[in-house]
Amino acid sequence: MSMIFANVSFATDTYVDNPGDFDPPNPTHGQVVTWNGSSGPVTGLVFGQDAFTSVQDAVYSTSTGGTTNIAAGTFTEGSQIKISKSLTLRGDGADQTILSGGWRHRVILVRLGHHHVKLESLCIRDGSVPSHSSLSNKGAGIYNLSSGTLTVSDSVISNNRASDNGEGAGIFHKDGRLTILNSAIRENITGRRGTGSGLHNESQHHGEENDSSHLVIIANSTISDNTSGDSGFGTGIFNGARGRIQVLSSTISGNLSGDRGRGGGIYNAEQGSFQLFN
């Protein structure tokens with residue numbers, strides 16, 4: 001049995017803005033618009049084809065390897081933003097483009113597969129994952145399941161919350177290679193017995209020592225002021241068994257666990273490798 005999908009098109013790059021900020025404002029489907037980002041206006045876009053008000057719609061319509069460009073503003077989707085292909089999600093600056101979960105859901109989910117995803121110049125905040133949520137109580141800001149690469153650069157991951165027994169309120173990294181550059185992971189919260197309120201790494205290294213496919217690199221970044229409830233551990237960074245993390249020229253400070261907690265800044269599990277470089 002064959003399936004036919006009509007009226008589906010993919011653009012190499014797509015553009016997102018709030019409805020009133022397109023030119024002309026409040027466009028309708030098929031209307032030609034101009035997108036006004038910090039890099040300058042982009043003209044000749046077709047609303048509903050390569051110009052959108054929904055980040056998720058734009059991600060869906062971006063070709064593999066393309067870029068979803070998001071203008072300044074706050075964007076709160078109706079559910080988590082799901083990424084199932086290699087692409088770049090690029091904002092106008094971490095102080096300008098905010099992707100918010102509105103305290104109702106996770107902000108970004110990178111799905112299973114071998115994807116290469118870049119998150120650039122974004123603020124990812126106000127994500128929430130209660131204990132009964134799908135994909136469990138992990139990764140309120142970003143939940144990465146891809147075995148490929150995830151790069152977070154020039155971004156802020158903040159004010160994301162996972163409830164009791166939560167893991168990685170800011171970022172939960174399950175598989176593949178993670179690189180964090182020139183970014184801040186701050187003020188994320190897990191409840192009692194929470195781990196890795198800032199970053200929880202579960203990617204396990206099984207190859208040769210020089211194999212970097214499951215390596216986490218944090219460079220020129222700050223992980224600060226994350227908190228966990230009683231009996232929490234690895235509040236700033238939790239590195240799981242056989243995990244490999246390298247931290248270069250970065251600051252880890254002010255991360256706090258509650259009573260009976262362990263490793264407010266860093267918790268490195270058995271057989272984990274954790275290296276600090278100035």
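Criteria and thresholds
Residues numbered from 1 in each chain as written. Predicted model: local features only at pLDDT ≥ 70, side-chain atom pairs only at ≥ 80, totals over all residues. Heavy atoms only, no water. pLDDT = per-residue confidence, 0-100. Contact = heavy atoms within 4.5 Å. Core = buried A, V, L, I, M, F, W, Y, C linked by side-chain atoms within 4.5 Å. Buried < 20%, exposed > 50% of the residue type's maximum accessible area, 1.4 Å probe, protein only. Helix = DSSP H or I, 4+ residues; strand = E, 2+ residues; numbered from the N terminus. Polar contact = N/O pair within 3.5 Å; in protein donor to acceptor, adjacent residues only side chain to side chain. Pairing = 2+ DSSP bridges. Axes fitted to C-alpha atoms, helices over the stretch in contact; angles between N-to-C directions.

A. Molecular detail of the confidence of the model for the protein chain. Here the protein chain averages 91 in pLDDT, while 91% of its residues score no lower than 70. Low confidence marks residues 1-6, where pLDDT is under 50. Its contacts with residues over four positions away, or in another chain, come to 0 contacts.

B. Up close: the nonpolar core. One finds Leu 89, Leu 99, Ile 108 and Leu 119 to be the most contacted residues of the largest nonpolar core, which totals 35 residues. Here this core takes 3 residues from helix H1 (residues 55-61), the largest share from any one element. Excluding anything up to four places from it in sequence, Ile 108 contacts Ile 81, Ile 83, Leu 89, Leu 99, Leu 119, Ile 124, Gly 141, Ile 142 and Tyr 143. Phe 22, Val 33, Leu 45 and Phe 47 belong to the second-largest nonpolar core, a separate cluster that totals 9 residues.

C. Spotlight on unusual backbone geometry. Following Asp 23, the chain continues into Pro 24 via a peptide bond in cis, with omega recorded as 0 degrees. As for its position among the elements, Pro 24 is in the loop between strand S1 (11-16) and strand S2 (32-37). Even without a glycine there, the phi angle at Glu 187 is positive, about 60 degrees. On the secondary structure map, Glu 187 appears in the loop between strand S20 (184-186) and strand S21 (189-190). Look at Asn 220: it is not a glycine, yet its phi comes out positive at around 50 degrees. Tracing the backbone shows Asn 220 in the loop between strand S23 (215-219) and strand S24 (222-224). Take Asn 220: its relative accessible area is 48%, and that puts it in the partly exposed class.

D. Just the environment of Thr 195, in detail. Mapped onto the elements, Thr 195 comes out in the loop between S21 and strand S22 (199-201). Among the residues examined, Thr 195 registers a relative accessible area of 7% and is labelled buried. Put simply, Thr 195 and Gly 166 are 29 residues apart on the chain and 6.5 Å apart in space, counted from C-alpha to C-alpha.

E. Spotlight on the environment of Ala 71. Mapped onto the elements, Ala 71 comes out in the loop between strand S5 (62-70) and strand S6 (73-76). Residues Ala 71 and Arg 125, 54 residues apart in the sequence, show an inter-C-alpha distance of 16 Å. Not counting the four nearest positions on each side in its chain, Ala 71 is found in contact with Val 16, Asp 17, Trp 35, Asp 92 and Thr 97.

F. Seen up close, the side chain of His 115. Relative to the helices and strands, His 115 is located in the loop between strand S10 (108-110) and strand S11 (116-120). Of note is the side chain of His 115, whose polar atom sits 3.1 Å from the backbone oxygen of Leu 112. Discounting chain neighbours no more than four positions away, the residues touching His 115 are Ile 83, Ser 84, Lys 85, Ser 86, Val 110, Ser 146, Gly 148 and Thr 149.

G. Local environment of the side chain of Ser 183. Note that Ser 183 resides in the loop between strand S19 (177-181) and S20. For Ser 183, a relative accessible area of 6% corresponds to the buried category.

H. Representation of the sheet that holds S22 in the model. Read across the open sheet, the 7 strands follow the order S7-S10-S14-S18-S22-S26-S29; overall the sheet is parallel. Each edge of the open sheet carries a strand with a single partner, namely strand S7 (81-83) and strand S29 (266-268). Averaged over all pairs of adjacent strands, the angle between strand axes in this sheet comes to 5 degrees, irrespective of strand direction. Strand direction decides the pairing type here: strand S18 (residues 171-173) and S22, joined by 3 bridges, are parallel. Bridging across to S22, Phe 172 finds its partner in His 200.

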